[in-house]
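# Results of the structural survey
Spelled out from the first residue to the last, the chains are:
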Amino acid sequence: YSFRFSFIVSNNIVSGLKYTNTVWKTGVRVENQKMMLGTFSPQPEPYIYVGEEETTPAGIFARGSYSAKLKFVDDDGKVYLEMSYYFEIRKDWP
């Protein structure tokens, strides 16, 4: 899997934008990824970020339901987006 997202900066420069992605399985944190994206000035075209490809865990112990939280914050602590999502790792899919 990999993350790909696009965003537009409208009015003010966004300084030191970073995102964190935290993943939990049955209430236990199993991954905490942080990435500095940089500083962005206003422009009409969207900025596009494509993350490096990651590999999900494999095997019987990795299977199950996961919850995650993705958050975008700048150097001033302003939160631009905060969202939760869920996914499942299974051996076979119908």
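This is a predicted model, so every value here is computed, not measured. The written sequence of each chain sets the order in which its residues are numbered from 1. Local features in this predicted model are restricted to residues whose pLDDT is 70 or higher, and side-chain atom pairs enter the listing and the counts only when it is 80 or higher, whereas totals over whole chains, interfaces and linings include all residues. Derived side-chain values reflect all non-hydrogen atoms in the structure, with water molecules and hydrogen atoms excluded from consideration.

## Re the overall build of the chain
Test applied: Strands are runs of DSSP state E lasting at least two residues, helices are runs of H or I lasting at least four, and both sets are numbered from the N terminus onward. Just to be clear, the radius of gyration here is over C-alpha atoms, and the globule rule we use is 2.2 Å times residues to the power 0.38. Three exposure classes are used, based on accessible area relative to the maximum for each residue type with a 1.4 Å probe and protein chains only: buried under 20%, partly exposed in between, and exposed over 50%. We call two residues in contact whenever any of their non-hydrogen atoms come within 4.5 Å of each other. Residue-level accessible areas treat just the shown protein chains as cover; the underlying method is Shrake-Rupley with a 1.4 Å probe. Note that His is not counted, nor are the chain ends; the positive residues are Lys and Arg, and the negative ones are Asp and Glu. By convention, the charge on Lys lies at NZ, on Arg at CZ, on Asp at CG and on Glu at CD.
Across its full length, the chain holds zero helices and six strands. Ordering the α and β elements of the chain from the N terminus gives β-β-β-β-β-β. Radius of gyration (C-alpha) of the chain: 16 Å, far over the 12 Å computed for a compact globule of 94 residues. Viewed in the frame of its principal axes, the chain has a C-alpha envelope of about 50 × 25 × 20 Å. Counting all 94 residues of the chain, 30% fall into the buried class. Within the chain, contacts between residues separated by at least 24 positions form 61% of all contacts whose residues are at least 6 apart in sequence. Accessible surface computed for the chain: about 6800 Å², of which carbon and sulfur atoms make up 52%. Between the averaged position of the 11 positive side-chain charges in the chain and that of its 11 negative side-chain charges there is a distance of 8 Å.

## Things to note about a nonpolar patch on the surface
Heads up, the rule is: Without a salt bridge and with relative accessible area above 30%, a residue can belong to a patch; like charges are then joined within 9 Å and nonpolar side chains (Val, Leu, Ile, Met, Phe, Trp, Tyr) within 5 Å. Within this document, salt bridges are pairs made up of a side-chain nitrogen of Lys or Arg and a carboxyl oxygen of Asp or Glu, the two lying within 4 Å of each other.
Among the surface-exposed residues, Tyr-80, Leu-81 and Met-83 lie close enough to one another that they form a single nonpolar patch of about 250 Å² accessible area. Mapped onto the elements, Tyr-80 comes out in strand β6 (residues 79-89). The class of Tyr-80 is partly exposed, set by a relative accessible area of 38%.

No statement about biological role is implied by the geometric values presented.
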